[in-house]
Amino acid sequence: MDDNPYLAHLPPFQRGAVHSSSSSSSEKEPLFGFLPRKVKGEQMDDFLELFSKNQIIVMVGETGSGKTTQIPQFVTYSDLPHTKGKLVACTQPRRVAAMSVAQRVADEMDVQLGKQVGYSIRFEDMTESGTTFLKYMTDGMLLREAMSDTELSRYSTIILDEAHERTLATDILMGLLKTLAKRRKDLKIIVMSATLDAVKFQSYFSLHDSAAGEEPSPAPLFKVPGRTHPVEVFYTQEPEPDYVEAAIRTVLMIHRAEDPGDILIFLTGEEEIEDACRKIKIEADDLLNADPSSVGPLMCVPLYSSLPPQQQQRIFDAAPKPSQPGYPPGRKVVVSTNIAETSLTIDGIVYVVDPGFSKQKVYNPRIRVESLLVSPISKASAQQRAGRAGRTRPGKCFRLYTEKDFMSELEEQTHPEILRSNLANAVLELAKLGIKDLVRFDYLDAPAPETLMRALELLNYLAALNDEGELTALGGVMAEFPLDPQLAKMLIVSPEFKVSNELLTITAMLSIPNVWLRPPNQRAAADQAKAMLTVPEGDHLTLLNVYNNYSQNKDDRNWAWNNFLSARALAQAENVRAQLLRTMEKYDVDVISLEDERKRNIGIRQALTCGFFMQVAHKEGEKGSYLTVKDNQVVALHPSCGLDTQPEWVLFNEFVLTKRPYIRTVTEVKPEWLLEYAPVYFDLASFPDGETKRALQRVANRRRGASNGGEEPRPKKKLKN
DNA sequence: GAGCACTGC
């Protein structure tokens with residue numbers, strides 16, 4: 001942080017000083033005797049004045065301004081939260097950021113991390129109650145806290161950092177804080193963002209006294225200059241028809257003609273990146289062989305999130321040495337997804353190649369499907385990418401589109417997540433937060449009404465919200481689980497089928513990334529290993545089987561590897577499972593199991609039905625195509641599906657829209673269960689006409705005929721429906 | 001007979 005403009009103005013904040021100014025009775029509460037002091041430096045004076053006079057301020061600071069480490073410290077000095085038994089919170093969209101910034105600030109303040117300065121992220125609370133007064137945390141964590149304390153009464157100041165990223169959690173927190181500020185006049189709020197969004201935040205948080213009929217005045221703005229180097233931007237003369245090919249060509253052009261310095265290229269996904277790396281390597285080797293005295297060696301490194309951490313580390317390796325002493329130095333090329341745009345910073349990048357695309361999540365509320373689409377990036381995103389070239393010295397950014405397209409075709413901002421997501425989870429959270437009218441909630445950007453309707457509808461069918469849209473007791477418990485509503489529901493009802501121990505595992509396995517590995521050169525072996533673990537009744541049972549085998553083979557360090565499974569993902573599942581288990585214990589959800597394997601598997605499939613009855617497909621004809629119930633989407637079983645037959649009725653975890661519409665992670669269900677466990681959703685009187693309805697009608701008639709002669713075990717207690 | 005932008009609880 002030596003390029004930090006604030007550092008010179010920092011007051012001494014040392015443990016020694018604290019002890020000398022503390023009385024013996026306050027030894028346990030360090031800094032208690034600490035008084036606010038006048039600190040040199042105009043910037044800090046200006047900030048403190050603004051902070052003391054306003055409840056809400058908006059702050060903009062370019063990258064390299066040090067706002068994330070410095071502003072929370074200024075606030076702490078001014079606010080002295082510990083004298084009021086309160087804390088200053090600073091939220092981050094990502095865990096690593098919360099952890100690493102907390103560490104830096106603890107170092108700067110010369111205190112031990114986890115004492116006066118701490119952090120709080122999922123699975124790890126590095127704070128000490130009564131001692132910590134400055135806490136970095138993920139935005140999701142603060143949102144969770146708000147669900148149990150809607151006043152956020154532990155905090156004297158809340159700083160929302162990186163607000164311009166507009167994560168779902170930050171957006172909900174902003175709405176919440178805007179309302180809370182009216183009730184809690186003692187609560188201070190700082191919204192920190194990149195420059196482009198400031199005006200929007202200022203007017204959202206505008207102060208107005210509606211009683212006095214005043215015109216709203218925008219929230220005050222505080223600006224901090226950045227400390228980055230200039231980046232020269234180049235555009236192409238004509239649009240590029242093939243951006244991957246153009247990117248490769250540009251890299252080689254830079255390699256031949258430009259001064260030493262590493263290159264960062266943005267592409268959209270794993271396959272594209274691996275492919276581009278191969279091609280760049282071949283071309284660069286040709287160049288080197290043809291004329292080793294005029295070009296240096298080139299090293300090409302892929303970067304995307306599903307890459308094992310060890311391989312991700314390679315982006316920090318130094319560029320290769322010259323092929324011979326006195327020859328041109330080598331160059332490192334990192335070919336990355338958007339992960340290098342915000343999450344990971346690579347020093348030494350001087351050239352950025354930006355084709356102008358990324359994969360973005362889009363949500364279609366009509367068919368209730370989230371999918372990934374390669375789309376043009378926004379101007380803000382392009383600017384962020386360019387900035388990656390100027391971190392250590394002046395750089396260059398090559399945009400593979402025309403300046404005209406940049407000006408007229410790109411959107412100013414990437415659409416915030418709240419406009420691109422299924423909001424079932426968010427709506428349940430809002431209900432738990434006590435928001436009565438979810439449609440009229442003061443969103444910074446209001447989601448499409450249809451998206452909200454879809455979420456409300458799902459939660460109502462799951463009995464998390466009643467017909468008036470109010471949170472039910474069941475919904476209240478569901479919100480306590482860090483899970484999608486369907487998963488929370490099935491986990492909570494699973495004791496009624498005596499299979500909650502199994503559902504706990506399945507839920508954990510469904511909450512983590514894909515566990516199956518399939519290296520390109522060992523596909524057959526990987527498929528064989530998978531077949532060994534497959535349970536033909538359904539993929540959910542297969543996931544359970546995988547986890548149980550993993551648990552039983554804990555002594556064998558190579559078990560996951562030998563079975564072509566991701567050890568990292570399995571370890572995550574174990575973590576998630578432990579967390580869910582704690583939540584179950586807290587809310588008295590019994591963890592029980594059935595001895596008999598056949599009964600157990602039936603119970604599991606029945607419990608799954610209680611959460612996923614809206615994600616059921618019915619086989620149509622003999623060609624193996626399925627129709628989703630009610631939505632009537634034609635879907636196929638995903639090729640990864642382990643069912644050995646094509647059952648008439650299946651429940652699926654996921655609808656994926658890739659080359660074709662697929663349903664993934666699929667288990668056979670009985671139509672009787674649909675009628676029994678989801679009678680409202682499967683009310684035949686209001687069911688759309690079609691083959692599915694006729695099939696259900698036949699089952700319903702049969703059930704009415706046969707009085708209580710069902711061969712399947714029934715749950716003892718009545719379901720909480 | 002496919003895939004996995006990224007993050008968070």
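These notes cover the structure that comes with them. What you see is a predicted model, and the numbers here were worked out from it, not measured in a lab.

## Observations regarding the side chain of Glu429
The residue Glu429 is located in helix H14 (residues 424-432) in this model. Arg144 is the oppositely charged side chain nearest to the buried, salt-bridge-free Glu429, at an N-O distance of 4.3 Å. If we skip the residues at most four places from it in the chain, Glu429 touches Leu143, Arg144, Met147 and Ile172.

## What about the packing of aromatic side chains?
Summed over all chains, the structure comprises 15 aromatic pairs. With a centroid separation of 6.0 Å and an interplanar angle of 55 degrees, the aromatic rings of Phe47 and Phe74 are classed as tilted. Note that Phe47 is positioned in helix H2 (residues 42-53) and Phe74 in helix H3 (residues 67-79), a separation of 27 residues in sequence. With respect to burial, Phe47 and Phe74 carry one shared label: buried. Ring centres of Tyr461 and Tyr681 lie 4.8 Å apart, and the angle between their planes is 90 degrees; this geometry places the pair in the edge-to-face category. Separated by 220 residues along the polypeptide, Tyr461 in helix H15 (residues 449-461) and Tyr681 in the loop between helix H24 (671-677) and helix H25 (691-705) bring together distant segments of the chain. Classification of Tyr461 as partly exposed rests on a relative accessible area of 21%. An aromatic cluster of at least three residues, connected via ring pairs, comprises Tyr461, Phe613, Tyr681, Phe682 and Phe687. Across from the ring centre of Tyr204, 4.3 Å away, lies the NZ or CZ of Lys178, which sits over that ring. The cationic tip of Lys530 hangs over the ring face of Trp516; the distance from NZ or CZ to the ring centre is 4.8 Å.

## Focus on the pattern of salt bridges
As enumerated under the stated definition, the model contains 38 salt bridges in all. Residues Arg154 and Glu145 are paired through a salt bridge, measuring 3.6 Å at the closest nitrogen-oxygen approach. Taking relative accessible area as the criterion, Arg154 reaches 37% and is therefore assigned partly exposed. A salt bridge links Glu417 to Lys361; its shortest N-O distance comes to 3.8 Å. Of this pair, Glu417 sits in the loop between helix H13 (403-408) and H14 while Lys361 sits in strand S14 (residues 357-364), and the two are 56 residues apart along the sequence. Within this structure, Arg166, Asp171, Lys200 and Asp445 form a network of salt bridges that share partners.

Analysis parameters
- Residues numbered from 1 in each chain as written.
- Chains lettered and ligands numbered in written order.
- Predicted model: local features only at pLDDT ≥ 70, side-chain atom pairs only at ≥ 80, totals over all residues.
- Heavy atoms only, no water.
- Helix = DSSP H or I, 4+ residues; strand = E, 2+ residues; numbered from the N terminus.
- Buried < 20%, exposed > 50% of the residue type's maximum accessible area, 1.4 Å probe, protein only.
- Lys, Arg positive; Asp, Glu negative; His and termini not counted.
- Salt bridge = Lys/Arg side-chain N within 4 Å of Asp/Glu carboxyl O.
- Contact = heavy atoms within 4.5 Å.
- Phe/Tyr/Trp six-rings, centres within 6.5 Å; stacked < 30°, edge-to-face > 60°.
- Lys NZ or Arg CZ within 6 Å of the ring centre and 35° of its normal.

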